[in-house]
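Overview (structure and organization)
Here is what each chain is made of, one letter per residue.
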2 protein chains.
Amino acid sequence: MLKQLSFVVVAAAVAVACQPPEESAEQAHARMQSESAAVQPLIEARVAEFVAAWNGGDAAGVAAVYTPDAAVMPPDRPGVAGRDAIRELNAGDMAMLPGAQLAIDVVSVTANGPLAVDRGTWTLTMPGPDGAAMEMTGKYLAVWHQIDGQWYMAEDIWNNDAPMPAM
Amino acid sequence: MLKQLSFVVVAAAVAVACQPPEESAEQAHARMQSESAAVQPLIEARVAEFVAAWNGGDAAGVAAVYTPDAAVMPPDRPGVAGRDAIRELNAGDMAMLPGAQLAIDVVSVTANGPLAVDRGTWTLTMPGPDGAAMEMTGKYLAVWHQIDGQWYMAEDIWNNDAPMPAM
């Protein structure tokens, strides 16, 4: 009898101890802040790969930073989906803007497990019609998924800080 | 001695049983799919509130769908942050586009706990200069945070499918 009671007590102790920890909103907030800080340098490294590929005229390298079925939404044109379409979009932009150099500043990263969001600003510097350097600036929002330990952009949209000059 | 051994065995059993469940990538994917499906109608309801406020000329109602420090990134203008600036931005747009009616189509929601992303398209229908209805269309990406059980937009960016006509 005592033995059976012990068993019940132990079983109850295990059951109580093994409740999945109920995360409070405050705990979730603190955990996400810590995850976001840890993920930010990883996203920044992927953004640096993206920028290096773009500035090197490597449209396939740009597309490789996206998930296979990513949605990319450029301004003043319809969106595209998938790495092939993304490669073509970027190859077209590189051809249209010869000598253009892209810079991206990651302003904020929010991560929760394998889902992260990255917000920032971009600058495109290019030779203008008069030979002087011309600059376009804008902002972007990108959604990243972690797949097999690596981060890939799944959704990407940007726009300009001012209307695009007629070219 | 036997009693001590029992204690050690029970303690070990509790320790093993109480390992936090290690979620595999597949499990995380399945959980996020199910969470996204559950969250999508809640986000759609908030988007409907946003659209109703916009079409009713209620800029404060539009701003109330955002977090207090939300970042809003309209095309061809610099971004703004915070509900006051968001209210002013929307009041300005409503005044600039009298009679314009907004429609939003939520295409995709991805949720993981209190973080969600919503991607979709928008249409603005307004009286054109010749009296006939004029339509502008575009796409958007929005990041939502769940706070005290309610979803608020924390980051919002959109752009156009074609360059804005000069007005």
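Everything in this summary refers to the structure shown in the same document.

The rules behind each value
- Residues numbered from 1 in each chain as written.
- Chains lettered and ligands numbered in written order.
- Predicted model: local features only at pLDDT ≥ 70, side-chain atom pairs only at ≥ 80, totals over all residues.
- Heavy atoms only, no water.
- Helix = DSSP H or I, 4+ residues; strand = E, 2+ residues; numbered from the N terminus.
- Buried < 20%, exposed > 50% of the residue type's maximum accessible area, 1.4 Å probe, protein only.
- Contact = heavy atoms within 4.5 Å.
- Areas by Shrake-Rupley, 256 points an atom, 1.4 Å probe, with all protein chains shown as cover.
- Least-squares fit on C-alpha atoms with pLDDT ≥ 70 in both.
- Polar contact = N/O pair within 3.5 Å; in protein donor to acceptor, adjacent residues only side chain to side chain.
- Buried area = accessible area lost by both parts, 1.4 Å probe.
- Salt bridge = Lys/Arg side-chain N within 4 Å of Asp/Glu carboxyl O.
- Pairing = 2+ DSSP bridges.
- Axes fitted to C-alpha atoms, helices over the stretch in contact; angles between N-to-C directions.
- Phe/Tyr/Trp six-rings, centres within 6.5 Å; stacked < 30°, edge-to-face > 60°.
- Lys NZ or Arg CZ within 6 Å of the ring centre and 35° of its normal.

**A look at the overall build of chain A**
Summing up its helical and strand segments, chain A has 4 helices and 6 strands in all. A total of 167 residues make up chain A; the buried ones form 39% of that total. Within chain A, counting contacts between residues at least 6 apart in sequence, those at least 24 apart form 52% of the total. Carbon and sulfur atoms form 62% of the exposed surface of chain A, whose accessible area is close to 8600 Å².

**Quick look at the relation of the copies chain A and chain B**
You can overlay chain A on chain B at an RMSD of 0.0 Å; the transform is a turn of 180 degrees with a shift of 0.0 Å along its axis. Look at the turn and shift together and you get a two-fold axis relating the two. Of all interface residues in chain A, 100% are interface residues in chain B too; the two copies therefore contact each other through one and the same surface.

**Thoughts on the side chain of Lys-139 of chain A**
Its location among the elements puts Lys-139 of chain A in strand β5 (residues 133-147). Here the side chain of Lys-139 of chain A touches Asn-160 of chain A through a polar contact of 3.0 Å, landing on its backbone oxygen. A distance of 3.0 Å separates a polar side-chain atom of Lys-139 of chain A from the backbone oxygen of Pro-74 of chain B.

**Digging into the environment of Gly-82 of chain B**
Residues and elements named next belong to chain B. With respect to the helices and strands, Gly-82 occurs in the loop between β2 (80-81) and α4 (83-96). Given a relative accessible area of 12%, Gly-82 falls into the buried group. Each C-alpha atom, one on Gly-82 and one on Ala-63, is 8.6 Å from the other, the two residues being 19 residues apart in sequence. Ignoring sequence-local partners within four residues, the contact set of Gly-82 consists of Pro-68, Asp-69 and Ala-70.

**Things to note about the interface of chain A and chain B**
If you look at the interface, chain A gives 37 residues, while chain B gives 37 residues. Across the interface of chain A and chain B, roughly 2900 Å² is buried in total on both sides, 69% from carbon and sulfur atoms. Linking chain A to chain B there are 2 salt bridges. In this structure, Arg-119 of chain B and Glu-155 of chain A form a salt bridge, with 2.6 Å as the shortest nitrogen-oxygen distance. One can count 19 residue pairs in polar contact (both at pLDDT 80 or more) joining chain A with chain B. Those elements that provide at least two residues to the side of chain A that touches chain B are α1 (2-17), α2 (25-55), β1 (66-73), β3 (101-112), β4 (115-127), β5 and β6 (150-160) of chain A.

**A closer look at the pairing of strand β4 (residues 115-127) of chain B**
Residues and elements named next belong to chain B. Looking at chain direction, strand β3 (residues 101-112) and β4 are connected through 11 bridges and run antiparallel. Looking across to β4, one finds that Ala-111 is bridged to Ala-116. If you look at the hairpin formed by β4 and strand β5 (residues 133-147), you'll find 5 residues sitting between the two strands, and Gly-131 has a positive phi there, around 90 degrees.

**Here's the deal with the sheet that holds β2 of chain B**
All names here are of chain B. With respect to topology, 6 strands assemble into an open sheet ordered β2-β1-β6-β5-β4-β3, the strand pairing being mixed. The open sheet terminates on both sides in strands that have one partner only, identified here as β2 and β3. Here β5 runs beside strand β6 (residues 150-160); their pairing, made up of 10 bridges, is antiparallel. For Leu-141, the partnering residue across the bridge sits in β6 and is Ile-157. Those strands touched by helix α2 (residues 25-55) are β1 (66-73), β3, β4, β5 and β6, and its axis lies near 155 degrees from that of β3.

**Side note on the pattern of salt bridges**
Using the criterion set out here, one finds 14 salt bridges over all chains in the structure. Where Arg-31 of chain B meets Glu-23 of chain B, a salt bridge forms, and the shortest distance between an N and an O atom there is 2.5 Å. Assessed through its relative accessible area of 27%, Arg-31 of chain B is described here as partly exposed. Connected through salt bridges with shared partners, the residues Glu-23, Arg-31 and Glu-35 of chain A form a single ionic network.

**Section: the packing of aromatic side chains**
All names here are of chain A. One pass over the full model with this rule turns up 2 aromatic pairs over all chains. Here the aromatic rings of Phe-50 and Tyr-66 are separated by 6.0 Å at their centres, their planes lie at 70 degrees, and the arrangement is edge-to-face. On the criterion of sequence distance, the pair formed by Phe-50 in helix α2 and Tyr-66 in strand β1 is long-range, its members being 16 residues apart. Both residues of the pair, Phe-50 and Tyr-66, count as buried. Against the face of Tyr-152 rests Arg-46, its NZ or CZ located 5.0 Å from the ring centre.

**A short note on the sheet that holds β3 of chain A**
Residues and elements named next belong to chain A. A sheet is described by the order of its strands in space; here 6 strands give the open sequence β2-β1-β6-β5-β4-β3, paired in mixed fashion. With one partner strand each, in any of the chains shown, β2 (80-81) and β3 form the two edges of the open sheet. As paired strands, β1 and β6 are joined by 4 bridges and run parallel to one another. Bridge pairing in β6 links Val-72 to Asp-156.

**Remarks on the side chain of Thr-110 of chain B**
Among the structural elements, Thr-110 of chain B can be located in strand β3. Residue class for Thr-110 of chain B comes out buried when judged on its relative accessible area of 13%.

**Here we look at the pairing of β6 of chain B**
Most of β6 of chain B sits out of view: 10 of its 11 residues are buried. Counting the residues in the hairpin turn of β5 of chain B and β6 of chain B gives 2 residues, including Asp-148 of chain B, whose phi is positive at 50 degrees.

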